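Results of the structural survey
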Amino acid sequence: MSTPLRHHHQNTLREQISSLGKSLFDRGLTMGSSGNISVRLDDGGWLMTPTNACLGRLDPARISHLDPHGQLLSGDAPTKEQFLHMAMYDERPQSGAIVHLHSTHSVAVSCLPGVDPCDCIPPLTAYYVMRVGKLPLVPYHIPGDPQLGEAVRGLAGKHSAVLLANHGPVVAGKTLEAAVYATEELEETAKLYLLLRGENPRGLTPEQVAELEARFPRD
Ligand SMILES: O=C(CO)COP(=O)(O)O
Ligand SMILES: [Zn+2]
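These numbers were taken from a predicted model, which means no experiment stands behind them. Throughout, a residue's number is its position along its own chain's written sequence, starting from 1. Chains carry letters from A onward and ligands carry numbers from 1 onward, assigned in written order. The predicted origin of the model limits local features to residues at a pLDDT of at least 70 and limits the giving and counting of side-chain atom pairs to 80 or more, whereas totals for whole chains, interfaces and linings rest on all residues. Values reported for side chains reflect all heavy atoms of the structure, with hydrogen atoms and water molecules removed beforehand.

Attention shifts here to the UniProt feature "domain: Class II aldolase/adducin N-terminal" (unreviewed entry) in the chain. UniProt positions are given in the numbering used here, feature names are shortened, and annotations may be inferred rather than shown by experiment. As recorded in UniProt, the sites labelled "domain: Class II aldolase/adducin N-terminal" (unreviewed entry) are residues 15–194. Secondary structure within residues 15–194 divides into 37% helix and 17% strand; the distance between the first and last C-alpha atoms comes to 34 Å. Every helix listed is a DSSP run of H or I at least four residues long, and every strand listed is a run of E at least two residues long, numbered separately from the N terminus.

Encoded structure:
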C-alpha cells in the first residue's frame, strides 16, 4: 500500500527539483554546472542532483537516490557536496531540503575583506530577517572536501543558511520551495548590501529584528 504512494511522492519531488533548478538557472542564480539541490525522503534517504549536472537541464529520472547512509541506490553519481548536505541535515532535523548556488552577489560578499564571519550581511530588509537571519561565513575549503561538512556541522544547528568563503551560499528549508525562497532572498540582500556599501545605509534596529523573529519564526 505505502510503496506506490511513496514512489508517487518521490516522482513529484524529482519533478520539483528539476523545475526549481531550471528556474534558478534561467534567472542566472548559478552558472554552468555549479550548484546542487537535495531533498530528504521520508525513509531518511535523499534525492540529490548529480555531480557536474547543469541545474537548468536536469533529467528527473537520473537524479541521485541515496539511502540513509549516503549510498547510491539509483541514478547518476551524486554531487561532490554530498557530505556538506548530509552534515547540514544531521544538524537540522527540521529541514527537508538544501540548495547550494554560486549566486554572484552572495559569492561577492563571501570574498570581501572585513565581513563579520558571524554575520556576513546586515539586516537590511524584513524578508531577509524572516528567511535568512544571521549568516555565518565558513572558512574556504576546496569544493567537495569532506572537511567542509565538518566545518558546517558546528554552525548548521543554529543557522539555516551559511556562506562558504570564496564559493557561495548553502541554504536549508523545511521544504524545497522554502529553501529556494530563502536562497533568493539571500542573493537579493547581498546585491542590496553591495549597492549600498559606502552609503552607510539604515538597517533594521535590533528591536525591529526581534519583532520580526517573534512574529515570523524561522525553522
Ligand atoms: O557547486 C558545486 C561544487 O561546490 C558543484 O558541484 P557538483 O557538480 O558536484 O554538484
Ligand atoms: Zn559550489
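Moving on to the side chain of Ser110. Counting through the fold element by element, Ser110 comes out in helix α3 (residues 104–111). For Ser110, a relative accessible area of 3% translates into the label buried. There is a polar contact of 2.7 Å between the side chain of Ser110 and the backbone oxygen of Val107. With residues up to four places along the chain from it excluded, the contact list for Ser110 reads Leu137, Leu163, Leu164, Ala165, Asn166, His167 and Gly168. Only protein chains enter the accessibility calculation, which uses a 1.4 Å probe; a residue is then buried when its area is under 20% of its type maximum, exposed when over 50%, and partly exposed in between. Counting of polar contacts relies on pairs of N or O atoms within 3.5 Å, with two restrictions inside protein: one atom must be capable of donating a hydrogen and the other of accepting it, and residues adjacent in sequence are counted only when both atoms are side-chain atoms. Note on contacts: a residue pair is in contact if any heavy atoms of the two residues lie within 4.5 Å.

A word on the coordination of the zinc ion (ligand 2). Any nitrogen, oxygen or sulfur atom within 2.8 Å of a metal ion counts as a donor, with the limit raised to 3.2 Å for Na, K and Ca, and since water is left out, coordination shells can look unfinished. The coordination sphere of the zinc ion (ligand 2), as far as protein atoms go, consists of His100 (NE2), His102 (NE2) and His167 (NE2), spread over 2.0 Å. In primary sequence terms, the donor set of the zinc ion (ligand 2) follows H-x1-H-x64-H. Given a relative accessible area of 1%, His100 falls into the buried group.

Further remarks concern the site of ligand 1. The local shell around ligand 1 holds 13 residues, among which Thr51, Asn52, Thr79, Lys80 and Glu81 are the closest. Here an oxygen atom of ligand 1 sits 2.8 Å away from a polar atom, N or O, in the main chain of Lys80. When the free accessible area of ligand 1 is taken as 310 Å², the share hidden by the protein chains comes to 96%. We call a residue near a molecule or strand when any one of its heavy atoms sits within 4 Å of it. Areas reported as accessible are Shrake-Rupley estimates using a 1.4 Å probe. Residue values count occlusion only from the protein chains shown.

Before going further, it helps to examine the pairing of strand β7 (residues 161–164). The side-chain alternation of β7 yields two buried faces, one formed by Ala161 and Leu163 and the other by Val162 and Leu164. In this description, strands pair whenever DSSP reports at least two bridges between them. As defined by bridge partners, strand β6 (residues 137–138) adjoins β7 across two bridges and the pair is classed as parallel. Residue pairing across strands places Leu137 opposite Leu163, the latter belonging to β7. Note: β7 against strand β8 (residues 168–173), four bridges, orientation antiparallel. Bridge pairing in β8 places Leu163 opposite Pro169. In this antiparallel pair of consecutive strands, β7 and β8, the connection spans three residues, and Asn166 shows a positive phi of 55°.

A few words on the packing of aromatic side chains. Note on ring pairs: Phe, Tyr and Trp rings are taken, using the six-membered ring of Trp, and paired if centres are within 6.5 Å. Classes follow the plane angle, with under 30 degrees stacked, over 60 edge-to-face and the rest tilted. On inspection of all chains with the given rule, the structure shows one aromatic pair. Taking the centre distance of 5.9 Å and the plane angle of 45° together, the rings of Trp46 and Tyr89 count as tilted. With a gap of 43 residues between them, Trp46 in strand β2 (residues 46–48) and Tyr89 in helix α2 (residues 82–91) connect regions that are remote in the sequence. Residues Trp46 and Tyr89 agree in their burial class; the two are buried.

Only residues whose relative accessible area exceeds 30% and that take part in no salt bridge are eligible for patches, with like-charged residues grouped when within 9 Å of each other and nonpolar side chains (Val, Leu, Ile, Met, Phe, Trp, Tyr) grouped when within 5 Å. Note on definitions: salt bridges are taken to be side-chain nitrogens of Lys or Arg within 4 Å of carboxyl oxygens of Asp or Glu. A grouping of Leu192, Leu195 and Leu196 is seen on the molecular surface, where their side chains present a nonpolar patch of about 250 Å² in accessible area. For Leu192, the location among the structural elements is in helix α6 (residues 176–196).

This paragraph deals with the packing of α3 against α6. When two helices pack together, you describe them by how their axes are tilted relative to each other and by the distance separating the axes. Direction vectors running N to C along α3 and α6 enclose 55°, while the axes themselves pass 7 Å from each other. The angle between the axes of α3 and α6 places the two elements in the oblique class. Crossing handedness for the pair α3 and α6: left-handed. Only Leu186, Glu187, Ala190, Lys191, Tyr193 and Leu194 of α6 make contact with α3, whose side of the interface consists of Thr104, His105, Ser106, Ala108 and Val109. For the contact of α3 with α6, the residue count by class is six nonpolar, three polar and two charged. All axes are obtained by fitting lines to C-alpha atoms, using only the stretch in contact for helices, and the reported angles, taken between N-to-C directions, cover 0 to 180 degrees. Roughly parallel means an angle under 35 degrees; roughly antiparallel, over 145; roughly perpendicular, 65 to 115; everything else is oblique. Crossing handedness is defined as follows: a turn of the near helix away from the far one that is anticlockwise and smaller than a right angle gives a left-handed crossing, while the clockwise case is right-handed. Under this grouping Gly is polar, as are all residues other than the nonpolar Ala, Val, Leu, Ile, Met, Phe, Trp, Tyr, Cys and Pro and the charged Asp, Glu, Lys and Arg.

Enumeration over the complete set of coordinates arrives at eight salt bridges. For the salt bridge of Asp76 with Arg62, the shortest nitrogen-to-oxygen distance reads 2.9 Å. A residue pair is termed long-range when its members are at least 10 positions apart, and Asp76 in the loop between β4 (72–74) and α2 and Arg62 in the loop between β2 and β3 (64–66) qualify at 14 residues. Residue classification places Arg62 among the partly exposed positions, given a relative accessible area of 47%. The salt bridge partner of Arg153 is Asp90, with a shortest N-O separation of 2.9 Å. Residue Arg153 is located in helix α5 (residues 146–156), and its partner Asp90 is located in helix α2; the two are separated by 63 residues in the primary sequence. Linked through salt bridges whose partners overlap, the residues forming this network are Asp90, Glu91, Glu150 and Arg153.

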